[in-house]
Amino acid sequence: MSENETMLEIDYANSGEKNEASLTDLTAALTGFLEQLGVRPLIDRSFFEVIQIGDGLTKRERLLEACGYADDPQGFFTDLLAQLGKADGTKKIVVGDIEMPHLLLMAILEVVLPGNRFISIKNTEQLEKVANIRIKKSDHADMQKVIDTYPVRLSMHTIRQMRVSGSVAYQYLPFVEELDTIGHTNTWIGQFHQGLLEQMYLNRVIFLLNMACPVYCRFCFRKHKEERNQQNPSAEDVRTAIEHVANSPAIKEIVITGGDPFMNRENIASAIDGLMEVEHVQTLRLATRSIAYYPHLFLADDASMLNYLKRKNLELQERGKRMEIATHFIHPDEISPQCLMIISELVKSGIVVYVQTPFLKDCNDQGPELVRLFSLLRGAGAELHYIYIPCSPIHGNSIYWSPISKGLEMGSYLRAHLSDRVIPRICTATPIGKMDWNISGWAVEPVEENDNFIWIRSPYNPDYFKEFAPIANELENIRVNEEGTIDIQYMAKIGDDSLFLGSRPLRFGGGMTQPESTEAVLEMMREERKLSPSLVDTRSFNLSRVHETRVEVDTECTEEDLYYIRGDERITDVVIISETDAVDSLYQIDRIVKVLDDIPHVNAIRLRSLKFNYEPQLYTAEVIDRLAGLNKLTLVNPKRLEIETHFLVAEEFTEEHGRLARLLRNKGITVYNNTPLLGRINDTPETIHLLAYHCRQAGIEFHHLYVAGLDVQNRWNSENPVALYDVIDIATRVRRDGSGREVPRYIVHTLLGEVDFGMASTIIGDGEDLSLKLLPYDLDYFKGMSADFEWPEGVREDNDGKPVVPITGLLKTTDFALS
C-alpha cells in the first residue's frame, strides 16, 4: 500500500469498534460491481435508471453525480461508510436521494468487513459487537439464557448481510421470545431414531452425518442445544446405517443431512461411496443451507467441494444413480453472486438443486419477496420444491408462526405473479409425514378443548407404517377416519374457519369401467401443437399471453412480434411452439433465442416437444449439442433452457428416455413432463403413481398433472369424465407411496389461465354441471396486462370479484368440498 494511500474510517456506532478501508479498494469494489452486476434484474429499475448502461467507470460517474458527489468518490464513500457504521438492518442506506441496492452494499462490506470464518457467540457483549446492535439492559439476562440454550453461530457472509437487511438478521439473531415454551421439542416421531438414521417414509431415510452447522437458523426444527451438541457419528456408525439400507430394498432415496453434512468431509465421503454400491438406492439428496449463508464452504480451495460433488455425481451416474442438492432460501436479501454461481455450476454439471422455503411471519409472507427470490433462483437453474406452512412449531419459534390461511393466500398470490415453473408446492410436515394442502390433505376441524391444535387429514393409513414404524399407529394424537386415512393433530392456527373442510365420506357404487388404450387420444394430443388462446391482445397472431409472466410464441414469429415481450418486465418465461415439434425447428428456435438474449427479464426459454416421448431417436448427439448451445446458466442475464414433453402412462417410458434426460441434464437442461388426466386411460391412483415413479426414475420432472381444461381433455373427458373423488385418491397415493420429489402440481387449465386444484380454486356445482372459482385473479389483474380487458363470454364474477368459469369433463360424486 502506498504511503499516500487515502484511508477511510468506518465507526460502528453500536459496537464501539472501528475499521479502515482504502479509497482505492472501495472504488475498485464499486466500479467492479457496476461493471459486472449493475444490470437488470439484479438491481431494481430506479437504481438502474441512474447508472444506465456502459462500463463500470461510466456507471460510477453517473452514480456519483446523482448522489451529489460528482468527481468526489471520497465524499461519497465517507457518507456511505458513516451510514454503514450505524447499520443494523433496520434502515435503508440512502446517499443523496439514491437508495443503495443490497448487492452493492454487500460488495462494499466485503472490503470493510472481510473474511470467511464463522463465529460462535458466547455472550451478549460479543453479540452486540459482532452484529452491531444494542440489547436493552433489561433483556441482557434473558438474552444470555437464550444464547446458553440455543447456540448462536454466524458466518462473516451472514454478518455482512445482516448489517443491511433486517430480513436476514431476523432469521439468525437470537431474541428473548425464544424462551417461550409453547411448541414442541421435536416435530418428528421419536421412535424413528436409529443412531444417525431416521426413517419417516417407507421408501427413503435420513442420514444425520454432522450435528453442527456453520450458522444456526433460529426457526430450525433441530434448534435444541442437546442435539446440536451431540457427538458426530463415527465411520462405524455410517457403515451400520449403510448396512441397514442395503438390507431394506424398499428404500430408494437417501437424504444426507445434519446439521450440515458438508462440514464433515469424512462422513459424507463414506456415505456417498457406501451407498453408491447399494443396487436399489436410486438417489442421494444432500441437504445444506451453506449455499445461502456460507458459500465459502463450496468455493474455498479453488472450489474443491464443487469439484468433488461433480466427480461423485459422474460416478453415481455410471451406476444408474443421481445426486441432488437440497437447500433453503427464505428472502431475496440472501441472494449473493456466490450463491447463484454455486447453483449454476452444480446444475450445469447435471446435479439438480432444489429449494425449500419455510414460511416466516414478517419476513417472506407478503408475496413480492418470494416472487423476486424465486425468479432469481430459477434463472440460476434451481427448482423450487416446497413452501412449508407454517414454520415448525418448535419451542421458541412462535414469532415466526403464521396461520394456515396466510400460507394458502400466498399460494394464490404466487400462482398469479410467478412463473408456473417456479411455484413450489404448499406443504405441511406433520409428525407422521408431509401433505400437500387441499389435495393430499386438508384441515378437518378444530381439536376440542385445545385452541392451539387442528385436525389435519393426512395421506397415510395404518398399513403404511406397519413395516418400518409400527409404533406410529399407537400415537394418542391420531385417529383413523371413515375413508381409512389417518387424521393427526397439528399445532397451528387456521386463520379462517371456512378452511375446515370436514371429513370426506366414502363413495358408494360405481366401479372401474373398461380402460382405453392411449392410442385413442394420441391424435388429439398431436393436434394441440398450436398457441393457446391469448388472455389479452398482443397485436400478433404469433404471440399469445397466457399469464402475467409467460408468453407462447410460434416458431414462425418475427423480431417485431417479440417487441411485446421487451416492453413488459413481468414476462420471465417464453414457451416456443412449433406446428411440427421443437426438435424439427431448431433453426427458427435459434433465431428467436438470439433476440430473447437481449431481453434481460426473460430468464427461461421452454421448448415444447411431444417427440421427446414418441420419437426420442430424433434427439441425436448433434441435436443435444445444439440445445446445449442455447442454454445459458450465467450470473448475469441467464437464459435457462427447458424441454416440455407429455407422458400419459408409465408404459410409454423406455431406457432411452432416461438416457436422453441424463445427457440433457448434464448440459444443465431440464426435461419436465405435463400429463392430462384422461378418463378410462390414466385416471386411477395406481396408474399415476407408476407414472410419477417412472418420471423420477428417468430423471424427468413431473411438473403438472392437468385435472381438466386442456383441449384433449375437453374433447375426451366430455364422454369419459374424471371423478373428483379419484383426483384426491391419486394425490393421496402419490404422496404416500412415492418420493416427495415425484409429486406433481395438480392443475386446472381455464380460459383465464391455470389454477391449482383445491388450493387456488373452488369447485361450484354438482354432478357434471360444474364451474370453477379462480382465487388468484380478479378484473384488475387482467387489466394490468391490458387496460381494455373485459371478461370473456361465459365468465361471471362472484360477489368477491373473483371470476367463475365453466369446466367440463369432471364429475362430483359426493358433497365433500374437494370431491
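Please read all numbers here as calculations on a predicted model, not as lab measurements.

Criteria and cut-off values
Residues numbered from 1 in each chain as written. Predicted model: local features only at pLDDT ≥ 70, side-chain atom pairs only at ≥ 80, totals over all residues. Heavy atoms only, no water. Helix = DSSP H or I, 4+ residues; strand = E, 2+ residues; numbered from the N terminus. Contact = heavy atoms within 4.5 Å. Lys, Arg positive; Asp, Glu negative; His and termini not counted. Charge placed at Lys NZ, Arg CZ, Asp CG, Glu CD. Buried < 20%, exposed > 50% of the residue type's maximum accessible area, 1.4 Å probe, protein only. Pairing = 2+ DSSP bridges. Patch = residues over 30% accessible without salt bridge, like charges linked within 9 Å, V, L, I, M, F, W, Y side chains within 5 Å. Areas by Shrake-Rupley, 256 points an atom, 1.4 Å probe, with all protein chains shown as cover. Salt bridge = Lys/Arg side-chain N within 4 Å of Asp/Glu carboxyl O. Phe/Tyr/Trp six-rings, centres within 6.5 Å; stacked < 30°, edge-to-face > 60°. Lys NZ or Arg CZ within 6 Å of the ring centre and 35° of its normal. Axes fitted to C-alpha atoms, helices over the stretch in contact; angles between N-to-C directions. Parallel < 35°, antiparallel > 145°, perpendicular 65-115°, else oblique. Left-handed = near helix turned anticlockwise from the far one by under 90°. Nonpolar A, V, L, I, M, F, W, Y, C, P; charged D, E, K, R; others polar. Polar contact = N/O pair within 3.5 Å; in protein donor to acceptor, adjacent residues only side chain to side chain.

Looking only at helices and strands, the protein chain has 28 helices and 35 strands in total. With the principal axes as the frame, the protein chain shows a C-alpha extent of 90 × 65 × 55 Å. Pairs at least 24 apart in sequence give 75% of the contacts found in the protein chain among residues at least 6 apart. Measuring between centres, the 85 positive side-chain charges of the protein chain sit 3 Å from its 122 negative side-chain charges.

Attention now moves to the environment of Val94. In this structure, Val94 sits in strand E3 (residues 94-95). Overall, Val94 belongs to the partly exposed group, its relative accessible area being 31%. Aside from chain neighbours lying at most four places away, what touches Val94 is Gln83 and Glu99.

The sheet built from four strands is open, its strands ordered E31-E32-E34-E33 with antiparallel pairing. Bordering the open sheet on either side are strand E31 (761-766) and strand E33 (796-797), each of which pairs with just one other strand. Across six bridges, E31 lies against strand E32 (residues 769-774) in antiparallel orientation. Pairing of Gly765 across the sheet is with Leu770, part of E32.

Here we take up a negative patch on the surface. A surface patch of negative charge is lined by Glu35, Asp55, Glu61, Glu65, Asp71 and Asp72. With respect to the helices and strands, Asp71 occurs in the loop between helix H3 (56-66) and helix H4 (73-86).

The tally for this structure, following the rule as stated, stands at 56 salt bridges. Across the pair Arg507 and Asp726 runs a salt bridge, and its minimum N-O distance is 2.8 Å. Linking Arg507 in the loop between strand E20 (486-491) and helix H19 (519-526) with Asp726 in helix H27 (residues 724-737), this pair joins segments that are 219 residues apart in sequence. Under the relative-accessibility criterion, Arg507 is labelled partly exposed at 31%.

How two aromatic rings sit relative to each other is given by the distance of their centres and the angle of their planes. Enumeration according to the criterion identifies 23 aromatic pairs in this entry. Ring geometry for Phe118 versus Tyr294: centroids 5.2 Å apart, planes at 90 degrees, classification edge-to-face. One end of the pair, Phe118, is in strand E5 (residues 118-121); the other, Tyr294, is in the loop between helix H13 (290-293) and helix H14 (296-318), and 176 residues separate them in sequence. Here Phe118 falls in the partly exposed class, since its relative accessible area comes to 31%. When the ring centre of Tyr308 is taken as origin, the NZ or CZ atom of Arg265, which lies over that ring, is 4.4 Å away. Over the aromatic face of Tyr672 sits the side chain of Arg421, whose NZ or CZ is 4.0 Å from the ring centroid.

With an omega dihedral of 25 degrees, the bond running from Gly258 to Gly259 counts as a cis peptide bond. Structurally, Gly259 can be placed in the loop between strand E10 (253-258) and helix H12 (265-275). Note the cis peptide between Ile389 and Pro390, where omega equals -20 degrees. Position of Pro390 relative to the elements: it lies in the loop between strand E14 (383-388) and helix H17 (404-417). Backbone geometry at Ala303 places phi at a positive 60 degrees, although glycine is not the residue there. Summarising the element assignment, Ala303 is placed in helix H14. Although it is not a glycine, Asn637 sits at a positive phi angle of roughly 55 degrees. Mapped onto the secondary structure, Asn637 falls in the loop between helix H23 (621-630) and strand E25 (640-645). Assessed through its relative accessible area of 15%, Asn637 is described here as buried.

Moving on: the packing of helix H11 (residues 235-246) against H12. Pairs of packed helices are described in terms of their axes, by the angle between the two and the distance that separates them. The contact between H11 and H12 brings their axes to 10 Å, and the two run at 25 degrees. Looking at the two axes, H11 sits roughly parallel to H12. Between H11 and H12 the crossing geometry is right-handed. Contacts from Ala235, Val238, Ile242 and Val245 in H11 reach Glu266, Asn267, Ser270, Ala271, Gly274 and Leu275 in H12.

The interhelical angle for the contact between helix H6 (residues 124-131) and helix H7 (residues 140-149), taken along N-to-C directions, is 85 degrees, at an axis separation of 9 Å. It follows from the interaxial angle that H6 and H7 lie roughly perpendicular. Here H6 contributes Thr124, Glu125, Leu127 and Glu128 to the contact with H7, which in turn contributes His140, Met143, Gln144 and Ile147. Its residues assigned to classes, the contact of H6 with H7 comprises three nonpolar, three polar and two charged.

Below, the discussion takes up the sheet that holds E20. For sheets, the rule is that strands pair by backbone hydrogen bonds, running either parallel or antiparallel. Reading across from one edge, E17-E18-E20-E19 is the order of the four strands in this open sheet, with antiparallel pairing throughout. Each edge of the open sheet is held by one strand with a lone partner, namely strand E17 (442-446) and strand E19 (478-480). In this sheet, neighbouring strand axes are inclined to one another by 35 degrees on average, regardless of whether the strands run parallel or antiparallel. Sheet topology note: the strand E18 (residues 453-457)/E20 ladder contains five bridges and is antiparallel. Looking at E20, one finds that Trp455 is bridged to Gln489.

Tracing the chain through its elements places Glu644 in strand E25. Each C-alpha atom of the pair Glu644 and Val575 lies 9.0 Å from the other, and the pair is 69 residues apart in sequence. When near neighbours in sequence (up to four residues on either side) are disregarded, Glu644 contacts Arg606, Leu607, Arg608, Ser609, Tyr672 and Asn674. Within the structure, the side chain of Glu644 is placed 2.7 Å from the side chain of Tyr672, a separation counted as a polar contact.

Positionally, Arg665 belongs in helix H24 (residues 655-665). The side chain of Arg665 is buried and forms no salt bridge, while Glu324, the nearest opposite charge, is found at 7.1 Å. A polar contact is formed between the side chain of Arg665 and the backbone oxygen of Gly699, at a distance of 3.4 Å.

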